[in-house]
Amino acid sequence: MLITQVKKKEELLPLAKGKTFLIACFGCKEVHFAEKEYEILKSEIKNAGLNISGEIVLDYLCNEDYTNKRFELHKKEIDSAETIIIFACGVGVQTFSGLLPAKIVLSGCDTFYLPGFSGFTPSSHACDQCGECMLGYTVGICPVTACSKGLLNGQCGGAKNGKCEVSKNKECGWERIFKRMTAIKENDETLKNMIRIRDYKKSQ
Ligand code: SF4
Ligand code: SF4
C-alpha cells in the first residue's frame, strides 16, 4: 500500500510559474490520498496569489487509457496553463506528465511506502515510494526509477548513444530529463535547488 502526503506550499510556490492548473487523484484502495490536507493547501496557495486557472479531480490517474480520455476533455484549459500541479502518487504524476511534454509539471505530493498489498498499476511508469518526490525538479521524470543508479545529482557520465551503462536496453534517465528540460526551455536552477542529502528513512 502507499500513502501520499501533500507537500507544503513553501516547496511548491517557488516552482510554479504563471497560470496554474490543478489535477488531483483521490485514488484507489491501495493509495491513501490526503483529501483534507489538499483542500487546506488549495486555500493557502490561492491566498498566496497563485493564479489557479482550473482543477480536475479524478480517480485512477495511473490508468493511461482513462487518463488520456480525461486529458482530451480538458485539453483546452490545460493547454492554456503554464504550470500543472498534480496531486497523486508518483505513478499518477508521471502518467499525466507524459502527456504534457511542453509543460512544467509539479508533483503536489510525496509518496510513501506502507506495508501490505501494493495493488496493480496498469502503467509503464514506476515509483519507488521514496517519500521525497523529486518530479517537480526533474520535469516529471523520476530520477530514482529512470536512472539505474537512482542518482539525484545528474548523469554519471557512462551513457553511450543515450543508453544507460548499467542496462544497455534502457534509455539513460538523466538524458531524458535534460532533453525534456531543453524542450520546455527550463534552466537547471530548479535542479540545483533539488540537490540535498536524501533521507533514506522515508523510503523504508
Ligand atoms: S521521486 Fe520517484 S520514487 Fe520518489 S515519490 Fe516521486 S516518483 Fe516516487
Ligand atoms: S547511464 Fe544514465 S541512467 Fe544509467 S546509471 Fe548513468 S545516469 Fe543513470
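See above for the structure.
This one's a predicted model, so the numbers in the text were calculated from it and none came from an experiment.

Visitor: If you had to explain the nonpolar core to someone new, which residues and values would you point to?
Guide: I23, I84, I85, I86, F87 and A88 are the most contacted members of the largest nonpolar core, which has 50 residues in total. Per element, the largest residue contribution to this core is five residues, and it comes from strand β2 (residues 20-25). Those residues in contact with F87 that lie beyond four places of it in its chain are V6, I23, A24, C25, Y38, G108 and C109.

Visitor: Can you explain the site of ligand 2? Please cite residues and give values.
Guide: Taken together, 14 residues form the shell around ligand 2, and within it C147, C156, A159, C164 and C172 come nearest. Residue composition of the shell around ligand 2, by class: eight nonpolar, four polar and two charged.

Visitor: Explain the environment of E35 residue by residue, including any values.
Guide: Mapping E35 onto the fold places it in helix α2 (residues 35-47). Its 13 C-beta neighbours within 10 Å are what place E35 among the partly exposed residues. For E35 and N63, which are 28 residues apart along the polypeptide, the C-alpha to C-alpha distance reads 20 Å.

Visitor: Can you break down the site of ligand 1 residue by residue, with the values?
Guide: If you check the shell around ligand 1, you find 13 residues, and the closest are G90, C127, C130, C133 and C142. A per-class count over the shell around ligand 1 returns seven nonpolar, five polar and one charged.

Visitor: Any chance you could break down the sheet that holds strand β7 (residues 109-113) for me, citing the residues and the numbers?
Guide: Strand order in this open sheet of three strands is β3-β1-β7, and the pairing throughout is mixed. Single-partner strands in this sheet number two, and they are β3 (31-32) and β7. With five bridges connecting them, strand β1 (residues 2-6) and β7 associate as antiparallel partners. Within β7, the residue paired with Q5 across the bridge is D110.

Visitor: I'd like a description of the environment of K201, backed by residues and values.
Guide: Structurally, K201 can be placed in the segment after α8 (189-194). With 183 residues separating them in the primary sequence, K201 and G18 have C-alpha atoms 35 Å apart.

Visitor: I'd like a description of the sheet that holds β2, backed by residues and values.
Guide: With parallel pairing, the four strands of this open sheet are ordered in space as β4-β2-β5-β6. A single partner strand is all that each edge strand has here, and the edge strands are β4 (52-58) and β6 (104-107). Direction aside, neighbouring strands of the sheet carry axes that sit 20° apart on average. The sheet contact formed by strand β5 (residues 83-87) and β6 spans four bridges and is parallel. The residue of β6 that forms the bridge with I84 is V105. The strands that helix α5 (residues 90-97) touches are β2, β5 and β6; relative to β5, the one it contacts most, it runs at about 150°.

Visitor: Tell me about the pairing of β6, residues and numbers included.
Guide: Burial along β6 is two-sided: the residues I104 and L106 and V105 and S107 are all buried. A crossover links β5 with its parallel partner β6, the connecting element being α5, and its sense is right-handed.

Cut-off values and rules
- In this numbering scheme, every chain counts its residues from 1 along its sequence in written order.
- Ligands are numbered from 1 and chains lettered from A, in the order in which they are written.
- In keeping with the model being predicted, local features are shown solely for residues with a pLDDT of at least 70 and side-chain atom pairs are shown and tallied solely at 80 or more, while totals for entire chains, interfaces and linings include all residues.
- By convention in this section, buried Ala, Val, Leu, Ile, Met, Phe, Trp, Tyr and Cys residues joined through C-beta atoms within 7 Å make up a nonpolar core.
- Three classes are used. A residue is buried when 20 or more other C-beta atoms lie within 10 Å of its own, exposed when 12 or fewer do, and partly exposed in between, with C-beta atoms placed from the backbone.
- Where helices and strands are cited, they refer to DSSP runs of H or I of at least four residues and of E of at least two residues respectively, numbered from the N terminus.
- Contacts are defined on C-beta atoms placed from the backbone: any two residues whose C-beta positions lie within 7 Å are in contact.
- Whether a residue is near a molecule or strand depends on its C-beta atom, placed from the backbone, lying within 6 Å of it.
- Three classes are used: nonpolar for Ala, Val, Leu, Ile, Met, Phe, Trp, Tyr, Cys and Pro, charged for Asp, Glu, Lys and Arg, and polar for all others, with Gly counted as polar.
- Note on pairing: DSSP must find at least two bridges between two strands before they are called paired.
- Where helices are involved, their axes are fitted lines through C-alpha atoms of the stretch in contact, as for all axes, and angles between N-to-C directions lie from 0 to 180°.
- Seen with its strands pointing away from the viewer, a crossover is right-handed if its path from the first strand over the helix to the second goes clockwise.

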